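Now for the letters of each chain:
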Amino acid sequence: MQYLFISIVKARGLSQNESPIVKLRTSTHCVRSKPASYRPGASPDSPEWHQVFALGHNNKTDGQLPNAAGNIEISVWDARSEQFLGGVCFDISEVPVRDPPDSPLAPQWYRLESDAAAGQICNRVSGDIQLSVWIGTQADDAFAEAWSSDAPYVSHTRSKVYQSPKLWYLRVTVIEAQDLHLSSNLPPLTVPDIRIKAQLGFQSARTRRGSMSNHSTSFRWIDDLIFVAGEPLEESLILLVEDRTTKEAVLLGHIIIPVSSIEQRYDERHVASKWFALEGGGGDTGGAGCATGGSYRGRIHLRLCLEGGYHVLDEAAHVCSDFRPTAKQLWKPAIGVLELGILGARGLLPMKTKGGGKGSTDAYCVAKYGKKWVRTRTITDSFEPRWNEKYTWQVYDPSTVLTIGVFDNWHMFGEMSDDKPDCRIGKIRIRVSTLESNKVYMNSYPLLVLLRTGLKKMGEIELAVRFACPSLLPDTCAVYGQPLLPKMHYLRPLGVAQQEALRGAATKMVSLWLARSEPPLGPEVVRYMLDADSHAWSMRKSKANWFRIVAVLAWAVGLAKWLDDIRRWRNSVTTVLVHILYLVLVWYPELVVPTGFLYVFLIGVWYYRFRPKIPAGMDIRLSQAETVDSDELDEEFDTVPSMRPPEIIRARYDRLRMLAARVQTVLGDFATQGERVQALVSWRDPRATKLFIAVCLAITLILYVVPPKMVAVALGFYFLRHPMFRDPMPPASLNFFRRLPSLSDRLM
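Here is a short report on the structure shown in this document. Here the structure is a predicted model, which is why all the values come from computation and not from measurement.

1. What about the overall build of the chain?
So, step 1. Scanning the chain from N- to C-terminus turns up 14 helices and 31 strands.
So, step 2. Taking 748 residues into account, the globule formula puts the C-alpha radius of gyration at 27 Å, and the chain, at 36 Å, lies well above it.
So, step 3. Principal-axis analysis of the C-alpha atoms places the extent of the chain at approximately 120 × 90 × 60 Å.
So, step 4. A separation threshold of at least 6 residues defines the contact pool for the chain, and within that pool the share at least 24 residues apart is 71%.
So, step 5. Element-wise, carbon and sulfur atoms account for 59% of the exposed surface of the chain, whose accessible area totals about 41,500 Å².
So, step 6. Charge-centre separation for the chain: the mean point of 88 positive side chains lies 8 Å from the mean point of 77 negative side chains.

2. Digging into the pairing of strand 8 (residues 128-137)
So, step 1. With nine of its 10 residues buried, strand 8 lies for the most part within the structure.
So, step 2. As paired strands, strand 1 (residues 2-12) and strand 8 are joined by 10 bridges and run antiparallel to one another. For isoleucine 8, the partnering residue across the bridge sits in strand 8 and is leucine 131.
So, step 3. In terms of strand pairing, strand 7 (residues 108-111) meets strand 8 through four bridges, oriented antiparallel. Each residue of the ladder has a partner; that of tyrosine 110, found in strand 8, is isoleucine 129.

3. Structural notes on the packing of helix 8 (residues 572-587) against helix 13 (residues 708-719)
So, step 1. Interaxial distance between helix 8 and helix 13 falls to 10 Å at its minimum, and their mutual angle equals 160°. Classified by the angle between their axes, helix 8 and helix 13 sit roughly antiparallel to one another. Note that helix 8 runs across helix 13; the crossing there is right-handed. Taken together, the residues of helix 13 that come into contact with helix 8 (itself represented by His579, Tyr582, Leu583, Val586 and Trp587) are Lys709, Met710, Ala712, Val713, Gly716 and Phe717.
So, step 2. A class-by-class count of the residues in the contact of helix 8 with helix 13 yields eight nonpolar, two polar and one charged.

4. Focus: the pattern of salt bridges
So, step 1. Tallied over the entire structure, the rule returns 32 salt bridges.
So, step 2. Of the charged contacts, one joins aspartate 193 and arginine 195 as a salt bridge, the two residues approaching to 3.1 Å between their closest N and O atoms.
So, step 3. The class of arginine 195 is partly exposed, set by a relative accessible area of 22%.

5. Observations concerning the side chain of glutamate 242
So, step 1. With respect to the helices and strands, the residue glutamate 242 is situated in strand 16 (residues 236-243).
So, step 2. One polar contact links glutamate 242 to arginine 206, side chain to side chain, over a distance of 3.3 Å.
So, step 3. A polar atom in the side chain of glutamate 242 sits 2.8 Å from the side chain of arginine 244.

6. Details of helix 7 (residues 554-567)
So, step 1. Taking 1.5 Å of rise per residue, 14 residues should cover 20 Å, and helix 7 covers 20 Å from first to last C-alpha, within 8% of that figure.
So, step 2. In the stretch just after helix 7, tryptophan 569 is the one whose phi turns positive, near 55°.

7. Here's the deal with the sheet that holds strand 5 (residues 71-78)
So, step 1. The sheet built from four strands is open, its strands ordered 3-2-5-6 with antiparallel pairing. Across the chains shown, the open sheet's two edge strands, defined by having one partner strand only, are strand 3 (30-32) and strand 6 (84-91). Taken pair by pair, the neighbouring strands of this sheet meet at an average axis angle of 15°, ignoring direction.
So, step 2. In terms of strand pairing, strand 5 meets strand 6 through seven bridges, oriented antiparallel. The residue of strand 6 that forms the bridge with valine 76 is glycine 86.

8. Looking at the nonpolar core
So, step 1. Ranked by internal contacts, the top residues of the largest apolar core, which has 35 residues, are Leu338, Leu340, Trp393, Ile404 and Leu463.
So, step 2. When residues of this core are traced back to their parent elements, those giving at least two are strand 22 (336-346), strand 25 (363-369), strand 27 (386-395), strand 28 (401-408), strand 29 (423-431), strand 30 (440-451) and strand 31 (454-468).
So, step 3. Setting aside its immediate chain neighbours within four residues, leucine 463 contacts Leu340, Gly341, Ile342, Leu343, Ile404, Ile428, Ile430, Tyr441, Met442, Asn443 and Tyr445.
So, step 4. Formed by 30 residues, the second largest nonpolar core is a distinct cluster that contains Trp168, Leu239, Leu252 and Leu302.

Calculation criteria
- Residues numbered from 1 in each chain as written.
- Predicted model: local features only at pLDDT ≥ 70, side-chain atom pairs only at ≥ 80, totals over all residues.
- Heavy atoms only, no water.
- Helix = DSSP H or I, 4+ residues; strand = E, 2+ residues; numbered from the N terminus.
- Rg over C-alpha atoms; globule rule 2.2 N^0.38 Å.
- Contact = heavy atoms within 4.5 Å.
- Areas by Shrake-Rupley, 256 points an atom, 1.4 Å probe, with all protein chains shown as cover.
- Lys, Arg positive; Asp, Glu negative; His and termini not counted.
- Charge placed at Lys NZ, Arg CZ, Asp CG, Glu CD.
- Buried < 20%, exposed > 50% of the residue type's maximum accessible area, 1.4 Å probe, protein only.
- Pairing = 2+ DSSP bridges.
- Axes fitted to C-alpha atoms, helices over the stretch in contact; angles between N-to-C directions.
- Parallel < 35°, antiparallel > 145°, perpendicular 65-115°, else oblique.
- Left-handed = near helix turned anticlockwise from the far one by under 90°.
- Nonpolar A, V, L, I, M, F, W, Y, C, P; charged D, E, K, R; others polar.
- Salt bridge = Lys/Arg side-chain N within 4 Å of Asp/Glu carboxyl O.
- Polar contact = N/O pair within 3.5 Å; in protein donor to acceptor, adjacent residues only side chain to side chain.
- Expected span 1.5 Å × (residues − 1).
- Core = buried A, V, L, I, M, F, W, Y, C linked by side-chain atoms within 4.5 Å.

So, in structure tokens, the structure goes:
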């Protein structure tokens, strides 16, 4: 994408003026510079601007500037009196073209002249202006901080690269507390309810009730409390010792520990525990910030460490873009490079209205992979923006996902948009492992958003993606045999519920960190990119997951249907061939395993012709977004706690109960089948167990006497017998199994 660059540096010898500015005029643009600045001690006739302008073009067919045969006028004016102070004019057809890595064009001094054609002839014109003019692209190093005609709000529309904060798991092991000053007003024989509450920033957790030892003021817990800590480690860990025996909790003491002083570990090595003296106390539990008293309030035994061997999840596990541990010492070499070209978008819908009711969209893209976030520049007031920006990431694991989101920029309008979040236009995900090595994929993906009113297509985005694997194939394939998560996740695993709570804290920390950048990434952008609400209840997602299970089991249903057709002799030739194949496999059992693998190989070769040609985007049918009910959508977008009227909540609760009842029935049926298998030898039904073990004894004797091949042939031919020899009623074995007892009759 070509731009006309004008770098305005400074001027000298200007006529007397109050505040000089520079105006640029072409056939399509008219812009003005910021007010001039002066160096300390400099002459008042020598202002400086040091500002670069990038004037784009609208002609997308020939790739040339629309005013390539025209002129560019650069003039100096007094901002207060609007007096003309002089100008210069360039023929754009003679402007040089700069292609990086060429060095920057050196600015030159030009004599300011009067504009006789416009009648601007006066005695105030004097002096020189230093500037440079060239034609380049958005790859020019001056473009990043230049005032751009397609993104004029420089501070909030520039392309930027962000880094997520380095996150640690902070493990607090509460072991014991001694010499606590307990209340003397407790009833006799009352065991005190002593708990430890830990706080780190906005995170808090509490231990279970402490067990009292032989010493009356000693309590033991051995509880692990885990928090997310982000670098720089400037926060402090606050521990409160609470007596919750009575209705009003009493603070017995507290301690404040800087996180930066806590030991870091990268494996499972032992970390020494320490005793800490308690301070303060004597108030309610809100006294975390109470004055630190000099009196001794007891002591607490803790083991603290920052865990560097874990990967701190800030994304949903199924769309994770990174699995590396926190400690950089444990990182493995990269296996390739992921290259993303964000070309442009088409057919975007208007997201806001300007003066006169005209629709407008100011779109920008955000891409996230690993710790690196990228944000393209904002193209203002365009339904078909062109970014043409390229970004790269190091790939450490192919089983990761690249996420690209498109948003409408509201923050560029300054203070009036502080409460207005950037609107989401759509999002797509690309799994790196689905990309062939060193192949460029160029494709358009629909931008889909699910709103309260239903599914809406917001436009399309054009992307170019390549996964470059410079390493050898064995090195890349070896990754597939390694554990997905770091070693510590298997040695000392975290619970599912605990990990999900920690993910919420990590997401909030990343959101707060990126909101402090310039330009900021709003929390609505970060949460949307990280799928912060992926585990929220949704009837639509429940249906989608059910149909996914049905689709996965479809092959088993197809196999059962094929076997049933064989048994029913729907095609006599096929059934006879199956008999022959079965005889060969029984007589030569060593061919069973290779035949099975050969069959799988042939299936894989057959499906090669149906392989996906491009990386897949969002699937409307898979997401059940086309058939979703309006009430289900309203329920999905409802807040927690709900803001709907009681009658609506009652109806949704009843619907949820009916769904849960069906799930409960299915789970009960699975449990019943397993309990019937156990009942075969558990003697819960003595007669059934006697029959079963007698049959087992008979089968044992038969298999000792009759050759196994003959038994296998007899069983196989009996299974494939013609329907004319088959009883339409269920077989005796199935009737026997269905009569076995389960524990369902013991449920209340």
